[in-house]
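Below are the chains, spelled out letter by letter.
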Amino acid sequence: MARINDNYLKLKAGYLFPEIGRRVKSFADANPAAKIIRLGIGDVTRPLPPAILEAFHKAVDDLGQSQTFHGYGPEQGYGFLIDVLIDKVYKPLGVNLHNGEIFISDGSKCDTANILDIFDLGNKVALGDPVYPVYNDTNVMIGRSGEADPKGYYQGLVYMPCLEENGFLPDFPTDKVDIIYLCFPNNPTGTTASREVLKKWVDFALANDAILFFDAAYEAFIVDPVLPRSIYEIEGAKQCAIEFRSFSKTAGFTGVRCAFTVVPDALTATNARGERIQLNRLWNRRQSTKFNGVSYPVQKAAAAVYSEQGWPQVKAIIDYYMENARIIRTGLQKAGLTVYGGENAPYLWLKTVGGLSSWDFFDKLLRECHVVGTPGSGFGPSGEGFFRLSAFGDRDNIEEAVARIRRNLA
Ligand SMILES: *Cc1c(COP(=O)(O)O)cnc(C)c1O
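Please read all numbers here as calculations on a predicted model, not as lab measurements.

**With respect to unusual backbone geometry**
Inference 1: A cis geometry characterises the amide bond from Asp129 onward to Pro130, with omega recorded as 5°.
Inference 2: Within the element layout of this structure, Pro130 appears in the loop between β3 (125–129) and α5 (133–142).
Inference 3: With an omega dihedral of 15°, the bond running from Asn187 to Pro188 counts as a cis peptide bond.
Inference 4: With respect to the element layout, Pro188 can be found in the loop between β5 (179–183) and α6 (195–208).

Below, the structure is given as structure tokens:
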């Protein structure tokens, strides 16, 4: 008799986006003339820029010639891409990595989930609230939690509230924890962490022998030059942090699929006998066994992101999204709304008007402005009373949405 993994049954049904879809459809059916603008989803909209496309095409053509054909590549990723990341991404930040410390993959979503493979189930895990749901649900799936309580908190996981009162920067967990997820710039709140804030987390992790899972998927949207882009800019981080990065939001690769994870050689954790073991060794073994690498053309396209021609084209798209964010932020502030984020992140985190719940505000915005966003409560109980808008849309739509909100909600 085959038994299922019962942990999957603890998960609340994927509720947020289907429910948004249901409400939008029912409104659209009743109001066929309404031009609905969607500022809800966390997906990019601009096409790939020419230098990336050219590298992509050329690499596809390589596969059609026996001299340049590529079969299985290294599970850890091609050296040509890893070298680019070492030289163009990390060296300018003063961070020195070597090629065995970077692992190319097909996404940060998978990496943040798969990394759990190399850690014992007995580890106590802390995560933000609200949070990118993947961190929560993958810990439930693997069996680290009990059931969810009525609010949506799973027994056994440690939640760190990110509230207006703490500037959406979580306080240190009071329980003893072994693994801490951090995401800066943050999805969903758009909050960034200063060097001082990250230094406190690194010091906390070192003092408590905990590991930080640092998700920097939105690093490219940092505008302020004093903000750190990598956890490894903080002294001591190589002894306590794994960093997740992705080409998805940086370079429009959400459909192409390429990301990478940094596991420094200096990072260790204990085995059952209390001996220190290098995590890099375990992750390398995990990837070599369960993963067969990212396709050659995709890695060539990814390398072109940081080429002399590619980067200015990629940066222009990031600037376009960040101008969208500025338009939303200033426009909604003029409408009297309280708006967080959007300055160094493509997400804006609004306080709902009149103390409405996140879902009531969703309905109001849909009904009165024909604008769709994401209810903050969908990212965790502490997101209640907040609302996420994304800056990844089309400029004309963004301007129109902001004008409607100013007309109807101000
Ligand atoms: C979009 C996103 C990612 C990237 O996921 P991919 O699988 O690389 O597309 C990672 N973390 C967060 C918080 C995200 O929002």
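Structure shown, so let's carry the discussion forward.
**Section: the layout of surface pockets**
Inference 1: Taken as a whole, the largest pocket encloses approximately 1,300 Å³ of empty space.
Inference 2: What lines the largest pocket is a set of 47 residues, and nearest its centre among them are Phe17, Tyr132, Pro133, Val134 and Gly378.
Inference 3: Among the secondary structure elements, those contributing two or more residues to the lining of the largest pocket are α1 (16–30), α4 (108–114), β3, α5 and α7 (247–251).
Inference 4: In the lining of the largest pocket, the residues fall into 21 nonpolar, 15 polar and eleven charged.
Inference 5: Lining the second largest pocket are 18 residues, with Phe119, Asn123, Ala269, Thr270 and Asn271 positioned closest to its centre.
Inference 6: At the level of elements, β9 (268–270), β10 (276–278) and α8 (279–290) are the ones that each hand at least two residues to the lining of the second largest pocket.
Inference 7: The dominant element in the lining of the second largest pocket, judged by the number of residues it contributes, is β9, at three residues.

**Considering the domain arrangement of the chain**
Inference 1: In terms of domains, the chain is made up of domain 1 (6–47 + 311–409) and domain 2 (53–304).
Inference 2: The C-alpha centroid of domain 2 is placed 26 Å from the C-alpha centroid of domain 1.
Inference 3: In this assembly, 32 residues from domain 1 lie in contact with 44 residues from domain 2.
Inference 4: For the domain 1 and domain 2 pair, buried surface summed over both sides reaches about 2,900 Å², with 62% attributable to carbon and sulfur atoms.
Inference 5: Applying the counting criterion to the domain 1 and domain 2 interface returns one salt bridge.
Inference 6: A salt bridge links Glu164 to Lys351, with the nearest nitrogen and oxygen atoms 2.8 Å apart.
Inference 7: Put simply, domain 1 and domain 2 have twelve residue pairs in polar contact (both at pLDDT 80 or more) between them.
Inference 8: Going through the elements one at a time, α10 (310–334), β11 (339–341), β12 (347–351) and β15 (386–390) are the ones with two or more residues in the side of domain 1 that touches domain 2.

Thresholds, definitions, all that
- Residues numbered from 1 in each chain as written.
- Predicted model: local features only at pLDDT ≥ 70, side-chain atom pairs only at ≥ 80, totals over all residues.
- Heavy atoms only, no water.
- Helix = DSSP H or I, 4+ residues; strand = E, 2+ residues; numbered from the N terminus.
- 1 Å grid on protein atoms, 1.4 Å probe; cavity = no way out; pocket = protein on both sides within 12 Å on 5 of 7 lines; lining within 4 Å.
- Points joined across faces, edges and corners; volume = space filled by probe spheres on them.
- Nonpolar A, V, L, I, M, F, W, Y, C, P; charged D, E, K, R; others polar.
- Domains from an automatic or database assignment.
- Contact = heavy atoms within 4.5 Å.
- Buried area = accessible area lost by both parts, 1.4 Å probe.
- Salt bridge = Lys/Arg side-chain N within 4 Å of Asp/Glu carboxyl O.
- Polar contact = N/O pair within 3.5 Å; in protein donor to acceptor, adjacent residues only side chain to side chain.

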